[in-house]
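Residue-level listing of the chains:
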Amino acid sequence: MNRFGYAKPNAVPDAIRQHGPQTHFIAGGTNLLDLMKENVERPEQLIDVNGLPLREIETTPEGGLRIGALVKNAEVAYHPEVQRRYPLLAKAILAGASPQLRNMASTGGNLLQRTRCYYFYDVGTPCNKREPGSGCGAREGQNRIHAILGHSEQCIATHPSDMCVALAALQAKVEVSGPQGDRVIDFADFHRLPGDTPERDTNLEADELITAVTLPAESLAAHSAYLKIRDRASYAFALVSVAAALELDGERFKQVRVALGGVAHKPWRLPEAEQALVGQVADKAAFGQLADRLLQGAQGFAHNSFKIELARRAIVRALTEAAGGTLQ
Ligand SMILES: Cc1cc2nc3c(=O)[nH]c(=O)nc-3n(C[C@H](O)[C@H](O)[C@H](O)COP(=O)(O)OP(=O)(O)OC[C@H]3O[C@@H](n4cnc5c(N)ncnc54)[C@H](O)[C@@H]3O)c2cc1C
Ligand code: SF4
């Protein structure tokens, strides 16, 4: 690990002002410190954001929920309003990591956690995300955990978060502050596909600070499910995960939202495919139709093609579960 400076401001404008080149914000440290220990990240300055007043969960004027960037993952998952109105989010968070990690990990940090691609963490191997232009070790290497959708020549990594898959389905927004002022980013536009710039995971600028995540009033709480398929029953990242949230009118779809995790560089959604189901009977044929649309163009590599059929089955199962009513 390299030597670095450290500051702990207690106001958002100070944190932004102190951000310079080779600077990183740090919250729970559960991802950044690992990356520093492996020499993947070598910041010259850390700005500890834990002194900032970003720890509230509050109702928005529109009737939604605003979750401060420093609220711990465990606090979000066990908050009574989240459990009652956004059970999908609570379930996704509790499907991730371990109790100890969830007690440390913050809302903002979860959004910005880096990929779990083995080559990204191993500085002795080529990786375009870590070192642009060096190549991609995973393409011809071990790629069991890698993407089947939206990948590029340069990078086939996946985004590892569970929480983000639920936030995508819930159509959350991300509030950020930076030197140019405040802005709000739709969750669908927050993370990026790798394209020719795999070193960039998100559309957040390096000197911008996440201040909160907001959830809309509409929560689709009655019919939701989070299904995570992984190699171990706990403490493992998703091979495939599905966040499904429905609104039903009798036996027909009124609203459909499905987001996939573990399959792409960002939570994968296809709003036009969801829209095509509105008015249809919510049965297995319709679930299969949506799965086919979501997985259209999926392409696996030497060790991960199994994910295509796995994802198809997981989508149908999650939708079946959601249609039956949210499990308590
Ligand atoms: C062994 C292990 C297993 C795990 N399993 C899972 C799992 O199954 N599912 C899952 O979803 N996650 C899992 N995680 C990941 C964990 O959820 C993340 O490490 C955690 O959410 C990151 O939050 P943090 O506050 O610790 O971020 P940090 O490590 O502090 O920061 C991560 C990144 O976010 C930036 N950052 C932090 N806060 C802000 C902010 N407010 N504004 C701007 N930038 C910011 C930092 O600069 C850094 O780049 C696992 C982690 C470990 C170590
Ligand atoms: S998949 Fe992406 S993160 Fe992994 S080695 Fe290739 S470029 Fe690096």
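The protein appears in an unreviewed UniProt entry as Xanthine dehydrogenase family protein subunit M from Pseudomonas benzopyrenica.

Next up on the list: the overall build of the protein. For the protein, the helix and strand inventory stands at 13 helices and 11 strands. In terms of overall dimensions, the protein is globule-like: its C-alpha atoms have a radius of gyration of 19 Å, near the 20 Å expected for 328 residues. When its C-alpha atoms are laid out on the principal axes, the protein stretches across 60 × 50 × 35 Å. Residue pairs at least 24 apart in sequence account for 65% of intrachain contacts in the protein once pairs closer than 6 positions are excluded. A total accessible area of about 14500 Å² is found for the protein, and carbon and sulfur atoms account for 50% of it.

Okay, the sheet that holds strand E8 (residues 209–215) next. Spatial strand order, E4-E5-E8-E6-E7: five strands in an open sheet with antiparallel pairing. Across the chains shown, the open sheet's two edge strands, defined by having one partner strand only, are strand E4 (57–59) and strand E7 (181–186). Across the sheet, the mean angle separating the axes of adjacent strands is 25° when strand polarity is ignored. Looking at chain direction, strand E6 (residues 173–178) and E7 are connected through six bridges and run antiparallel. Counterpart to Gly178 in the pairing with E7 is Gly181.

Before going further, it helps to examine the site of ligand 2. Neighbouring ligand 2 are 14 residues; Cys117, Cys127, Cys136, Cys155 and Ile156 lie closest to it. Class assignment for the residues of the shell around ligand 2 results in nine nonpolar, four polar and one charged.

Once that is clear, we can look at the site of ligand 1. Taken together, 33 residues lie near ligand 1, and Phe25, Gly29, Thr30, Ser106 and Asp162 sit nearest. Lys228 places a polar side-chain atom, nitrogen or oxygen, 3.0 Å from an oxygen atom of ligand 1. A distance of 3.4 Å separates an oxygen atom of ligand 1 from a polar backbone atom of Ala236. Here the element with the most residues in the shell around ligand 1 is helix H7 (residues 107–112); it accounts for four residues. Class assignment of the residues belonging to the shell around ligand 1 gives a composition of 15 nonpolar, 13 polar and five charged.

Here the focus is the domain arrangement of the protein. Each domain of the protein was delimited in the assignment, giving domain 1 (5–50), domain 2 (51–112 + 159–215) and domain 3 (223–323). Using only C-alpha atoms to locate each centre, domain 1 and domain 3 end up separated by 36 Å.

Next up on the list: the packing of aromatic side chains. Here the distance between the centres and the angle between the planes together describe a pair of aromatic rings. A full pass over the atoms with the stated rule returns four aromatic pairs. Note on Phe120 and Tyr121: the rings are 5.6 Å apart at their centroids and 85° apart in plane angle, and the pair reads as edge-to-face. Taken individually, Phe120 and Tyr121 each receive the classification buried, so the pair is uniform in this respect. For the ring pair Phe187 and Phe190, a centre distance of 6.3 Å and an interplane angle of 20° mean the geometry is stacked. Highlighted residues: Phe187 and Phe190, both in helix H10 (residues 187–190), separated by three residues, approximately one helical turn. Classification of Phe187 as buried rests on a relative accessible area of 3%. Under the relative-accessibility criterion, Phe190 is labelled buried at 0%.

Turning our eyes to something else, we now look at the pairing of strand E2 (residues 23–26). Along a regular strand, successive side chains alternate from one face of the sheet to the other. The pairing of E2 with strand E3 (residues 45–48) spans four bridges and is parallel. Residue pairing for E3: Ile26 is matched across the bridge by Asp48. Following the chain from E2 across helix H2 (residues 32–37) to the adjacent parallel E3, one finds a crossover that is right-handed.

For sheets, the rule is that strands pair by backbone hydrogen bonds, running either parallel or antiparallel. With respect to topology, three strands assemble into an open sheet ordered E1-E3-E2, the strand pairing being parallel. Both outer strands of the open sheet, strand E1 (5–7) and E2, are each paired with one neighbouring strand and no more. Within the sheet, the average angular offset between the axes of one strand and its neighbour, ignoring direction, is 25°.

The rules behind these values
- Each chain carries its own residue numbering, running from 1 in the written order of its sequence.
- All chains are assigned letters beginning with A, and all ligands numbers beginning with 1, in the order in which they are written.
- Local features are withheld for residues below a pLDDT of 70 in this predicted model, meaning they are given only at 70 or higher, and side-chain atom pairs are given and counted only at 80 or more; totals for whole chains, interfaces and linings count all residues.
- Only hydrogens and water are set aside; all other atoms, that is, all heavy atoms of the structure, feed into the side-chain values.
- Helix and strand assignments follow DSSP, with helices taken as H or I runs no shorter than four residues and strands as E runs no shorter than two, numbered in order from the N terminus.
- Two things to know: the radius of gyration comes from C-alpha atoms, and the globule rule equals 2.2 Å times the number of residues to the power 0.38.
- Here a residue-residue contact requires only that any non-hydrogen atoms of the pair lie within 4.5 Å.
- Only the protein chains shown count as cover for residues, with accessible areas throughout obtained via the Shrake-Rupley method and a probe of 1.4 Å.
- What makes two strands pair is DSSP finding at least two bridges between them.
- For helices, the fitted line uses only the C-alpha atoms of the stretch in contact; every axis is such a line through C-alpha atoms, and the angle between N-to-C directions lies from 0 to 180 degrees.
- Consider each residue's heavy atoms; a residue with any of them within 4 Å of a molecule or strand counts as near.
- Amino acid classes used here: Ala, Val, Leu, Ile, Met, Phe, Trp, Tyr, Cys and Pro are nonpolar; Asp, Glu, Lys and Arg are charged; the rest, including Gly, are polar.
- Contacts described as polar in this section are N or O atom pairs within 3.5 Å, which, within protein, must combine one atom able to donate a hydrogen with one able to accept it, while residues neighboring in sequence count only if both atoms come from side chains.
- Residue ranges assigned to each domain were obtained from an automatic or database domain assignment.
- Whether two aromatic rings pair depends on their centres lying within 6.5 Å, for rings of Phe, Tyr and Trp, where Trp uses its six-membered ring; planes under 30 degrees apart make the pair stacked, over 60 edge-to-face, and the rest tilted.
- A simple rule labels every residue: compare its accessible area, found with a 1.4 Å probe on the protein chains alone, to the largest value its type can have, and call it buried under 20%, exposed over 50%, or partly exposed in between.
- When the strands point away from the viewer and the connection leading from the first strand across the helix to the second strand turns clockwise, the crossover is called right-handed.

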